[in-house]
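Descriptive structure summary
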Amino acid sequence: MVEMSSNCDKINGERDELLVEIILKTIGPARPSRIQVPSIIKVHHLRSLIAENCRLPIEQLKLILRGQILHNTKHGEDVQLHLKEGDSLIVAVKPMPPAKHIGDGFDDDDDEELIQTPQLTSWWKRRLFSFLNERLKVPNIVLMAIFSISLKAWAVIILWFALAPVAYRWFLGPLYILGTGFSIILLNLGQRQQGDVSAYSIFNDDFRELPGTLNADRLDRDIRAGQF
């Protein structure tokens, strides 16, 4: 029994470490080459092997498999590949960026997205984001709006839509909308802390009182002048 279990462990280990030969097609005058890699491998490990074998800079290395650009991580998790014998992998070296960019904050690389999605910490949010992005093809701007709103805000939105038909049935639709608008304004007024500059102070740097303002100093001044 011990020998059978050890043999099974060896077979499983050989299956896990099964090597396949893939074809590397480097963009440029170089001829296609072949390299043996594990059939199940992470992208950053594959990138390191190709960079070492072909003597290419790993920082500027771009890999394309089956028409898709390979990234080291996706939604905070390492990307794992399942390679087959004879798979073709396109290898490209990105040119070095110029010393000074014409547009600050933008990259000309095709695989960089202009819209940055929020950083997702929960695993279920990453799974949901991947499902909506890859399966349902939801645009990135919609996903950014969805995942930027907190759960509390989503609960309020769902409750508002649930109560809207009730208000419409009781002919309170306009009042319901007006009440919603005033509630949003009141809840977002905030509270000015001691020492904070008010909105009026922005247009009145010297804190001078307006003409005609009635206060204790003005009354005392008028009494002393004999105007009362």
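The protein carries the name Ubiquitin-like domain-containing protein in an unreviewed UniProt entry, which gives Papaver nudicaule as its organism.

**Details of the nonpolar core**
Among the nonpolar cores identified, the biggest contains 18 residues, and Ile22, Leu46, Ile50, Leu63, Leu83 and Leu89 are the most heavily contacted of them. If you list the elements that add at least two residues to this core, you get strand E1 (19–26), strand E2 (33–38), helix H2 (43–54), strand E4 (61–65) and strand E9 (88–93). When residues of this core are assigned to their parent elements, the largest contribution, 4 residues, is made by H2. Setting aside its immediate chain neighbours within four residues, Ile50 contacts Leu24, Arg55, Leu61, Leu63, Leu89 and Val91. Of all hydrophobic cores here, the second largest spans 5 residues; its members include Phe129, Val138, Leu143 and Phe147.

**Looking at the sheet that holds E1**
With mixed pairing, 5 strands are arranged side by side in an open sheet as E2-E1-E9-E4-E5. Strands at the two margins of the open sheet, each flanked by one partner only, are E2 and strand E5 (68–69). The pairing of E1 with E9 spans 4 bridges and is classified as parallel. In the sheet register, Thr26 faces E9, and the bridge partner there is Val91.

**Section: the packing of aromatic side chains**
Summed over the entire model, instances satisfying the criterion amount to 2 aromatic pairs. Centre to centre, the rings of Trp160 and Phe161 are 5.1 Å apart; their planes meet at 85°, and the pair counts as edge-to-face. On the accessibility criterion, Phe161 (55% relative accessible area) is exposed. Ring pairs connect the aromatic residues Trp160, Phe161 and Tyr176, which therefore count as one cluster.

**A short note on the packing of helix H5 (residues 151–169) against helix H6 (residues 173–187)**
Between H5 and H6, the least distance of the axes is 9 Å, while the angle of their chain directions is 150°. By the angle between their axes, H5 is roughly antiparallel relative to H6. Handedness of the H5/H6 crossing: right-handed. Between H5 and H6, the contacting residues are Leu159, Trp160, Leu163, Ala164 and Ala167 on the first element and Gly173, Tyr176 and Thr180 on the second. The residue makeup of the contact of H5 with H6, split by class, is 6 nonpolar, 2 polar and no charged.

**Digging into the packing of helix H3 (residues 123–135) against helix H4 (residues 140–148)**
Running from amino to carboxyl end, H3 crosses H4 at an angle of 155°, the nearest separation of the two axes being 11 Å. Relative to H4, the element H3 lies roughly antiparallel. Remark: the crossing between H3 and H4 carries right-handed chirality. Contact with H3, carried on its side by Lys125, Leu128, Phe129, Leu132 and Asn133, involves Asn140, Leu143 and Phe147 of H4 and no other residues of that element. Looking at the contact of H3 with H4 residue by residue, the class counts come to 5 nonpolar, 2 polar and 1 charged.

**What about the pattern of salt bridges?**
Counting across every chain of the model gives 4 salt bridges. Between Arg34 and Glu21 there is a salt bridge, and its shortest N-O distance comes to 3.6 Å. Here Glu21 lies in strand E1 and Arg34 lies in strand E2, a separation of 13 residues in the sequence. For Arg34, a relative accessible area of 52% puts it in the exposed group. With its nearest N and O atoms 3.7 Å apart, the salt bridge here joins Lys42 to Asp78. Taken together, the residues Lys42 in strand E3 (residues 40–42) and Asp78 in strand E7 (residues 77–78) connect sequence positions 36 residues apart.

The rules behind these values
Residues numbered from 1 in each chain as written. Predicted model: local features only at pLDDT ≥ 70, side-chain atom pairs only at ≥ 80, totals over all residues. Heavy atoms only, no water. Core = buried A, V, L, I, M, F, W, Y, C linked by side-chain atoms within 4.5 Å. Buried < 20%, exposed > 50% of the residue type's maximum accessible area, 1.4 Å probe, protein only. Helix = DSSP H or I, 4+ residues; strand = E, 2+ residues; numbered from the N terminus. Contact = heavy atoms within 4.5 Å. Pairing = 2+ DSSP bridges. Phe/Tyr/Trp six-rings, centres within 6.5 Å; stacked < 30°, edge-to-face > 60°. Axes fitted to C-alpha atoms, helices over the stretch in contact; angles between N-to-C directions. Parallel < 35°, antiparallel > 145°, perpendicular 65-115°, else oblique. Left-handed = near helix turned anticlockwise from the far one by under 90°. Nonpolar A, V, L, I, M, F, W, Y, C, P; charged D, E, K, R; others polar. Salt bridge = Lys/Arg side-chain N within 4 Å of Asp/Glu carboxyl O.

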